[in-house]
Structure formats: structure tokens, C-alpha cells
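The lines below spell out each chain.
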Amino acid sequence: MHKQQITVRVPATTSNLGPGFDCLGVALRFYNYASVRRARRQNCNSMAAQAAKKFFAAARCAPFAFSCAISGDVPPSRGLGSSVTVRLGVLHALNALTNRPLTRAQMFRLCTELEGHPDNAAPAEFGGFVVARADRLQKSALDSRLHFVLLIPSFEVKTSAARKVLPNEIDRLRAVESCGNACAITAALASGRYENLRGAFGDHLHQPFRAKFVPFLDRVIVAAEKAGALGGFLSGSGSAICCLTLRAPEKVAAAMLTASRSPGGRTIVTAADNRGTRLY
């Protein structure tokens, strides 16, 4: 007999990490929950419906109506992977309701196709720090002593709008500098030598062009570094800002909030989730 309802827990993600545009991401320890139940009539949003269409085609099983409810702590349009929590949540739930015809790797690929880039889908699916290239990825678990401090403004930034402002060409020397920084971040996180992150988050690929959406970005990062952070970056396409620190995370959070001078903003201090998506 088929199961009737499944709840899936999907972690928030922070992506790009500055210069690692569309290829670096980390899963974080706060979550959204997708509860999917077989139903007589379809009751879900368009994002869930698109994920379901992908799933049924890939799994080669007969579609069925379902209801979907999303809850949790990952806010939309803040650069924290909220769309991935919906898409992966629905994919995993439908997979469980149909006796698991797809592997995790297959569901990751479906989610990446829906997203258009893998930097949120990969860490949300598999956990940890991930370097993703199309459907190829390398994962490293991160120590809980590395704190991720998030400033979450009250306003949203739509990914579509944030992508429209990106230029078609980048100066070669600036591109090389960004590439070097992305390599330094990868080496530091993969090796556990987190102190080497200091000074490595500089970016010329996307942040300078998206800064107009989050005008306090630079001063928040400067304030965090003065409070002891290793550095910071725009999380995804924003509006959230993420800073990493090995010490005094609450002090860093307070400095970020004060520097933002943004009414309604809040902070979260968290760490990496090394497990990824789970049935709950």
C-alpha cells in the first residue's frame, strides 16, 4: 500500500560565497519543511507543480494529485535557497510516496534543471560545503566551530532582477582575481584551515553590480570584520549578508545589525548542516 503523506526537511543554503559565482555553496542549520499528501484534487503552488511534473516524467510513473504545505524558517527572496527547499522538498516527498524510483543524485539534477544553477541545490541535497559544476560536485564537511552569521533584511531581492544587472563581460584581471579568491575559499574550507579565509571573499563577478539592491552591504561586512569576522559576502543574490567567524559570533551579529541601520532586519547565528535533505 502506498504511503499517503511525507514531510521532508530541507536546509537553507548560502551560495556564491563572494567570488564562487554559481558554483560554491554551503548548507546551513535552519530549515524549511515540505509536507506532501496524496489528495483528490491538486493543491500546491506553481513551483511545487513544476517540480512534480519533472519528477513524474523522470520517474516514469503515473501522476497523481497532491497537496503541499511549506513551513519553516527559510525566508523567501533573501538569497538563502528558499526555492530549493520547495523544489527538493516536493521531489523527495513524491519519491518517497512512490517507493523511491529516483536516487538522490537524480533528484539533485532535476532540482538543478529547475533552478538553472547548482550552487544551492547541491548543498541543500547533500549537505556541507559543495563545489558544483553542472551535475558534478565535490563535498566537504565543515566543523561546527565555524559560525555563519546572517543579517536578514526586511526586504526581498528577486533573483531574476539580480541577474539582469550582471554584465556580459568582465575585465580579465578582475576575473583572475575572483578566480584566485574562489580557489582560496575552496582550499580553506576543504582543508579545515579556516583562518585562511581572511581576505578571500573579494569578488568582481556579481557583488559590485548587485550592491545597489543592498546599499549597506559593504559597511556591514567592514563592521563584521572589525568585530572579529573572517570576512563576508552577499548571500546568493541577496538580500541577506553572510559573515564567517571562529569567535564571538554574537558580537559579530550585533555589529552587522547596527551597521545596517535597516529597520526590521534580524540576525541568525548558525553553522553548516553536513547531512542535507532528510525525510522528517
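Here, the structure is the one placed above.
Residues numbered from 1 in each chain as written. Predicted model: local features only at pLDDT ≥ 70, side-chain atom pairs only at ≥ 80, totals over all residues. Heavy atoms only, no water.

Caption draft 1: Region of interest: the pairing of strand β2 (residues 24–38). Extensive coverage of β2 is indicated by the burial of 11 of its 15 residues. As paired elements, strand β1 (residues 5–15) and β2 share 11 bridges and run antiparallel to each other. Note on β2: the bridge partner recorded for valine 10 is asparagine 32. Bridge count between β2 and strand β3 (residues 66–72): seven bridges; the pairing is antiparallel. Opposite valine 36, over in β3, you have cysteine 68 as the bridge partner. (Buried < 20%, exposed > 50% of the residue type's maximum accessible area, 1.4 Å probe, protein only. Helix = DSSP H or I, 4+ residues; strand = E, 2+ residues; numbered from the N terminus. Pairing = 2+ DSSP bridges.)

Caption draft 2: Geometry of the nonpolar core. Val36, Phe55, Phe66, Leu88, Val90, Leu91 and Leu94 are the most contacted members of the largest nonpolar core, which has 34 residues in total. Mapped by element, the contributors of at least two residues to this core are β1, α1 (46–59), β3, α2 (82–97), α3 (104–115), α4 (121–126) and β4 (129–133). If we skip the residues at most four places from it in the chain, leucine 88 touches Val10, Met107, Cys111, Ala121, Ala124, Glu125 and Thr277. Of all hydrophobic cores here, the second largest spans 30 residues; its members include Leu146, Leu189, Leu197 and Ala200. (Core = buried A, V, L, I, M, F, W, Y, C linked by side-chain atoms within 4.5 Å. Contact = heavy atoms within 4.5 Å.)

Caption draft 3: Structural context of α2. Taking 1.5 Å as the rise per residue, α2 with 16 residues should run 22 Å; its terminal C-alpha atoms sit 23 Å apart, in good agreement. Most of α2 sits inside the fold, with 15 of its 16 residues counted as buried. (Expected span 1.5 Å × (residues − 1).)

Caption draft 4: Molecular detail of the packing of aromatic side chains. Tallying each qualifying case throughout the model produces six aromatic pairs. Taken together, a centroid distance of 5.7 Å and an interplanar angle of 65° make the contact between phenylalanine 108 and phenylalanine 126 edge-to-face. Here the residue phenylalanine 108 occupies a position in helix α3, and phenylalanine 126 occupies one in helix α4, the gap between them amounting to 18 residues. The class for phenylalanine 108 is buried, based on a relative accessible area of 1%. The ring of tyrosine 31 is capped by arginine 9, whose NZ or CZ atom sits 4.0 Å from the centre of that ring. Above the ring of phenylalanine 64, the side-chain terminus of arginine 38 is found at 4.1 Å from the ring centroid. (Phe/Tyr/Trp six-rings, centres within 6.5 Å; stacked < 30°, edge-to-face > 60°. Lys NZ or Arg CZ within 6 Å of the ring centre and 35° of its normal.)

Caption draft 5: A look at the environment of proline 153. Here proline 153 is to be found in the loop between β6 (147–152) and α5 (159–164). When the C-alpha atoms of proline 153 and isoleucine 241 are compared, they prove to be 8.5 Å apart, with 88 residues separating the residues in sequence. Leave out the neighbours within four places in its chain, and proline 153 touches Arg78, Phe216, Ser239, Ala240, Ser262 and Gly265.

Caption draft 6: Fine view of unusual backbone geometry. For the bond running from glycine 238 to serine 239, omega is 15°, close enough to zero to count as cis. By the secondary structure assignment, serine 239 is in the loop between β7 (231–234) and β8 (241–245). Of note, asparagine 16 is a non-glycine position whose phi angle comes to about 75°, a positive value. With respect to the helices, strands and loops of the structure, asparagine 16 is situated in the loop between β1 and β2. Looking at asparagine 16, the relative accessible area reads 2%, which means it is buried.

Caption draft 7: Region of interest: the packing of α1 against α2. Two elements in contact, α1 and α2, have axes whose closest approach is 9 Å; the angle formed by their N-to-C orientations is 40°. The angle between the axes of α1 and α2 places the two elements in the oblique class. The two elements α1 and α2 cross, and the hand of that crossing is right-handed. Counting all contacts with α1, which are made through Met47, Ala48, Gln50, Ala51, Ala52, Phe55 and Phe56, the residues of α2 involved are Ser83, Val86, Arg87, Val90, Leu91, Leu94 and Asn95. In terms of residue class, the contact of α1 with α2 is built from 10 nonpolar, three polar and one charged. (Axes fitted to C-alpha atoms, helices over the stretch in contact; angles between N-to-C directions. Parallel < 35°, antiparallel > 145°, perpendicular 65-115°, else oblique. Left-handed = near helix turned anticlockwise from the far one by under 90°. Nonpolar A, V, L, I, M, F, W, Y, C, P; charged D, E, K, R; others polar.)

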